[in-house]
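Structure at a glance
So the chains spell out like this:
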Amino acid sequence: MASCLAPPLLLLLLLGSPSAVAPNRCVDAADACTADARCQRLRTAYVVQCLGPAAPGSCPRARCRRALRRFFARGPPELTHALLFCPCGGPACAERRRQTFVPSCAFSGPEPAPPSCLAPLDACEHSRVCRPTYLTFQASCAPAPSNLDGCLRDQIPSCLRAYAGLVGTAVTPNYVDNASARVAPWCDCGASGNRREECEVFRGLFTRNRCLDRAIQAFDGRWPSVLHDQLDPHQDPEHSLLQVSSADASLEGSSMLSVLPVLVLQPLL
Ligand SMILES: *[C@@H]1O[C@H](CO)[C@@H](O)[C@H](O)[C@H]1NC(C)=O
């Protein structure tokens, strides 16, 4: 279907016109990523993987997660973090934020119900990719006991960085709904037997962590200035034309395969 679309329509879909509707910072963040060659290339790479078919009803989850880790490891942090922590005032924005990383593949997987949190925790402890990332997250987002606010001010950037580092690991977290900024990995502690407490402590690092909550909220005030510049709605038309023609040039050289997933994801991103 998408292969019938003429390039100008593709461009319209890719570039969108977010300033015409209610402000949605997750849309702004997606547009800023699209406008940056490296961010766009790395995002397209994970989208291709995460929407790719494996077995029927499944997806190549390991490849999807690897591409996500690469997105955060190699993408420009001000753009990748804007996608992950875009502050939302309503459900449309929050739903888009929740869908950003193709959670059906990267996060929840094919199982209908979440597993016990002991499963991702044990997998992480045995993974040389996940374990150090998780230890860093634990240390960086540990609530400061002396601080009612949750974490120390200069702890916030490292907590956000450490959280982003978990995306694509065995303990990939995501927003739990579109009505809040609460996050959790895809698991619960219902069936954790005599390791219930260990399970709750692990899950609580995400669901009852004042420092992490505070850091995610604080991203609003740290909204990257690069996005203000890039997405100024009053930008002169010449600037927009330049953007279109450079996108045009890069599309010509790229295969439909690399464009298609962006189209598919466009309503979500
Ligand atoms: C928010 O989530 C609910 C429950 O999953 C869903 O029914 C609703 O369509 C979502 N809202 C938006 C704007 O996507």
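In this report, we go over the structure that sits alongside the text. (Residues numbered from 1 in each chain as written. Predicted model: local features only at pLDDT ≥ 70, side-chain atom pairs only at ≥ 80, totals over all residues. Heavy atoms only, no water.)

Quick word on the overall build of the protein
Counting its secondary structure elements, the protein contains 15 helices and two strands. For the protein, the residues scored as buried account for 44% of the 269 residues in total. Counting contacts in the protein only where the partners sit at least 6 residues apart, residues at least 24 apart contribute 72% of the total. Only carbon and sulfur atoms are counted for the fraction: they give 57% of the accessible area of the protein, which is about 13600 Å². (Helix = DSSP H or I, 4+ residues; strand = E, 2+ residues; numbered from the N terminus. Buried < 20%, exposed > 50% of the residue type's maximum accessible area, 1.4 Å probe, protein only. Contact = heavy atoms within 4.5 Å. Areas by Shrake-Rupley, 256 points an atom, 1.4 Å probe, with all protein chains shown as cover.)

With respect to the site of the ligand
All residues adjacent to the ligand are Pro-91, Ala-92, Glu-95 and Asn-178. Asn-178 places a side-chain nitrogen or oxygen 2.3 Å from an oxygen atom of the ligand. Protein chains shield 33% of the accessible area of the ligand, which is 360 Å² for the free molecule. Taken together, the residues that form the shell around the ligand break down as two nonpolar, one polar and one charged. (Near = heavy atom within 4 Å. Polar contact = N/O pair within 3.5 Å; in protein donor to acceptor, adjacent residues only side chain to side chain. Nonpolar A, V, L, I, M, F, W, Y, C, P; charged D, E, K, R; others polar.)

Focus: the pattern of salt bridges
Under the criterion given, the structure shown has five salt bridges. Taking the shortest distance from any N to any O, the salt bridge between Arg-98 and Glu-95 comes out at 3.0 Å. Here Arg-98 and its partner Glu-95 are both found in helix H6 (residues 91-99), three residues apart, which amounts to about one turn of the helix. Residue classification places Arg-98 among the partly exposed residues on the basis of a relative accessible area of 22%. (Salt bridge = Lys/Arg side-chain N within 4 Å of Asp/Glu carboxyl O.)

With respect to the packing of aromatic side chains
All told, the structure shown has twelve aromatic pairs when counted by the stated rule. Ring geometry for Phe-71 against Phe-72: centres 5.2 Å apart, planes inclined by 80 degrees, an arrangement best described as edge-to-face. Assigned by exposure class, Phe-71 and Phe-72 land together as buried. Each ring, one from Phe-137 and one from Phe-206, has its centre 4.9 Å from the other, and the planes form 15 degrees; the classification is stacked. Of this pair, Phe-137 sits in helix H9 (residues 130-140) while Phe-206 sits in helix H11 (residues 196-207), and the two are 69 residues apart along the sequence. Among the aromatic residues, those joined into a cluster by ring pairs are Phe-85, Tyr-134, Phe-137, Tyr-163, Phe-202, Phe-206 and Phe-219. (Phe/Tyr/Trp six-rings, centres within 6.5 Å; stacked < 30°, edge-to-face > 60°.)

Here's the deal with H9
Residues of H9 that are buried include every one of Cys-130, Thr-133, Tyr-134, Phe-137 and Ser-140, and no others. Looking straight down H9, one finds that the buried residues subtend no more than 135 degrees of arc, so they occupy a single side. Summarising the contacts, the buried residues of H9 are in contact with helix H8 (118-125), helix H10 (156-166), H11 and helix H12 (210-218). (Arc of directions from axis to C-beta.)

Some points on unusual backbone geometry
With the exception of glycine, the majority of residues adopt a negative phi angle, and the majority of peptide bonds are in the trans configuration. With a phi close to 45 degrees, Val-102 is a non-glycine residue in the positive phi region. Owing to a relative accessible area of 4%, Val-102 belongs among the buried residues under this scheme.

A word on the nonpolar core
Counting residues in hydrophobic clusters, the biggest one holds 61 residues, and the most contacted among them are Tyr-46, Phe-71, Tyr-134, Phe-137, Phe-206 and Leu-212. With seven residues, H10 is the largest single contributor of residues to this core. Those residues in contact with Phe-137 that sit more than four places away from it in its chain are Ala-162, Tyr-163, Leu-166, Leu-205, Phe-206 and Leu-212. (Core = buried A, V, L, I, M, F, W, Y, C linked by side-chain atoms within 4.5 Å.)

A look at the environment of Ser-158
Inspection of the secondary structure puts Ser-158 in helix H10. Its relative accessible area of 22% is what places Ser-158 among the partly exposed residues. Sequence spacing of Ser-158 and Phe-137 is 21 residues, and the spatial spacing of their C-alpha atoms is 8.6 Å.

Spatial relationships are all this shows, so hold off on functional conclusions.
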